[in-house]
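A look at the structure
Take a look at the letters that make up each chain.
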Amino acid sequence: MSQKTLCIATRNQHKTQEIASVLAAYWVVKCSADYPEMEQLEDIEETGDSFQANATIKAIATSQIVPDYVLADDSGLECDALDGAPGVFSARYGGIPSSAEKNNAKLLQELARVGAMTPEQRGARFRCVLVLAKGGEVLATFDGACEGKIILEPRGLHGFGYDPLFVPRTYTRTFAQLTEKTKTSLSHRGLALKKFIEWCQANPLE
Ligand code: IMP
């Protein structure tokens, strides 16, 4: 694969960091904030009812403005005891202005409210959808999921978002207690990125 420029369509620096660590070997990785022309675009409204729909909205809107290939990430957490919430509302679950602290506090509160206090009742998964686009056209879509459970109180300082509350299946540590490298080797985002890299190897881009 030759070194082309890829714009990660997000203003979430943690996501950009995780994605850039994996893709830097293949691409020159930039993010939306690196393009002055993106300032003309108002905040992209994520009005879709699925990760796929929202990733597609972000990929198309961004690739209509930036000249490079664009990869948009939409991701979030689904809890079985909450019928899939917070889902597409993961980023703002605890209210606006949003913060990870408020989101995590709301998640713990909601799980307690529905009486989900045992590990068996606290099953959850992270999902990630990546959409590759150029010039306003979607070229391909990749997804990844990571099963696990939500613990009773936050542990760990790495990562972002719900990481301190999420223990992946077969692990005892939270995502926030793992190194970025280990998290990426099993995470929803890492799995979707692996599919993206394999696709690029099979479909060399101009
Ligand atoms: P998005 O920017 O609309 O895709 O929001 C994704 C939200 O889901 C983030 O703000 C986090 O709250 C949550 N999220 C997605 N991926 C992760 C992850 O890898 N760790 C922790 N939280 C995540």
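The paragraphs below set out a description of the structure included in this document. (Residues numbered from 1 in each chain as written. Predicted model: local features only at pLDDT ≥ 70, side-chain atom pairs only at ≥ 80, totals over all residues. Heavy atoms only, no water.)

This part takes up the site of the ligand. As a matter of local geometry, the ligand sits amid 16 residues, with K15, E46, D163, K183 and R189 nearest to it. A distance of 2.7 Å is found between an oxygen atom of the ligand and a side-chain nitrogen or oxygen belonging to K15. Between the ligand and Y162, the relevant distance is 3.2 Å, taken from a nitrogen atom to a main-chain nitrogen or oxygen of the residue. Notes on the ligand: free accessible area 490 Å², of which the protein chains cover 92%. Broken down by secondary-structure element, the contributors of at least two residues to the shell around the ligand are β3 (69–79) and α5 (188–202). When residues in the shell around the ligand are grouped by element, the largest group, 3 residues, is from β3. Residues of the shell around the ligand, tallied by class, amount to 4 nonpolar, 5 polar and 7 charged. (Near = heavy atom within 4 Å. Polar contact = N/O pair within 3.5 Å; in protein donor to acceptor, adjacent residues only side chain to side chain. Areas by Shrake-Rupley, 256 points an atom, 1.4 Å probe, with all protein chains shown as cover. Helix = DSSP H or I, 4+ residues; strand = E, 2+ residues; numbered from the N terminus. Nonpolar A, V, L, I, M, F, W, Y, C, P; charged D, E, K, R; others polar.)

Within strand β4 (residues 123–134), 10 of the 12 residues are buried, which leaves the element mostly enclosed by the surrounding structure. Bridge count for β3 against β4 is 10 bridges, and the pairing is antiparallel. Note on β4: the bridge partner recorded for L71 is L132. Both β4 and strand β5 (residues 137–150) contribute to a ladder of 12 bridges, which runs antiparallel. Each residue of the ladder has a partner; that of C128, found in β5, is G144. The hairpin turn running from β4 into β5, its antiparallel successor, is 2 residues long, and G135 in that turn takes a positive phi close to 55 degrees. (Buried < 20%, exposed > 50% of the residue type's maximum accessible area, 1.4 Å probe, protein only. Pairing = 2+ DSSP bridges.)

Turning to helix α2 (residues 51–63), a few remarks are in order. Every α-helix carries 3.6 residues per turn, so stepping three or four residues along brings you back to the same face. Here α2 spans 18 Å end to end across 13 residues, near enough to the 18 Å set by a 1.5 Å rise per residue. Along α2, the residues classified as buried are F51, N54, A55, K58, A59, A61, T62 and S63. Along its buried surface, α2 packs onto β1 (4–8), α1 (13–23), β3, β4 and β5. (Expected span 1.5 Å × (residues − 1). Contact = heavy atoms within 4.5 Å.)

Moving on, we come to the side chain of E18. Mapped onto the elements, E18 comes out in helix α1. E18 gets classed as buried once you look at its relative accessible area, which sits at 4%. A distance of 2.7 Å separates the side chain of E18 from the side chain of K183, its partner in a polar contact. Polar side-chain contacts of E18 include one of 2.8 Å to the side chain of R189. Not counting residues up to four positions away in its chain, the partners in contact with E18 are F160, E180, K183, R189 and L193.

As a further point, take helix α3 (residues 100–113). An ideal rise of 1.5 Å per residue puts 20 Å on 14 residues; α3 measures up with 20 Å between its terminal C-alpha atoms. Within the span of α3, buried status applies to N103, N104, L107, E110 and L111. Along α3, the residues classed as buried sweep out an arc of 130 degrees about the axis, all on the same side. The exposed set on the far side of α3, more than 90 degrees from its buried face, consists of E101, Q109 and R113. Elements that come into contact with the buried residues of α3 comprise β3 and β5. Count one or two residues on from α3 and you reach G115, which has phi positive near 75 degrees. (Arc of directions from axis to C-beta.)

With that out of the way, let us pick up the sheet that holds strand β6 (residues 166–168). Across the sheet, which stays open at both edges, the 6 strands sit in the order β2-β1-β3-β4-β5-β6 with mixed pairing between neighbours. Edge positions in the open sheet fall to β2 (27–31) and β6, since each of these has one partner strand only. In this sheet, adjacent strand axes meet at a mean angle of 35 degrees when their direction is disregarded. Along the sheet, α1 makes contact with β1, β2 and β3, crossing β3 at roughly 120 degrees. Against the sheet, α2 engages β1, β3, β4 and β5, with an angle of about 155 degrees to β3. (Axes fitted to C-alpha atoms, helices over the stretch in contact; angles between N-to-C directions.)

Relative to the elements of secondary structure, R155 occurs in the loop between β5 and β6. By relative accessible area, which is 33% here, R155 ends up partly exposed. C-alpha of R155 to C-alpha of R173: the two residues are 18 residues apart in sequence and 8.1 Å apart in space. Filtering out sequence-adjacent residues up to four positions away, R155 remains in contact with P164, V167, T172, R173, T174, A176 and Q177. A polar side-chain atom of R155 sits 2.8 Å from the main-chain carbonyl oxygen of T172.

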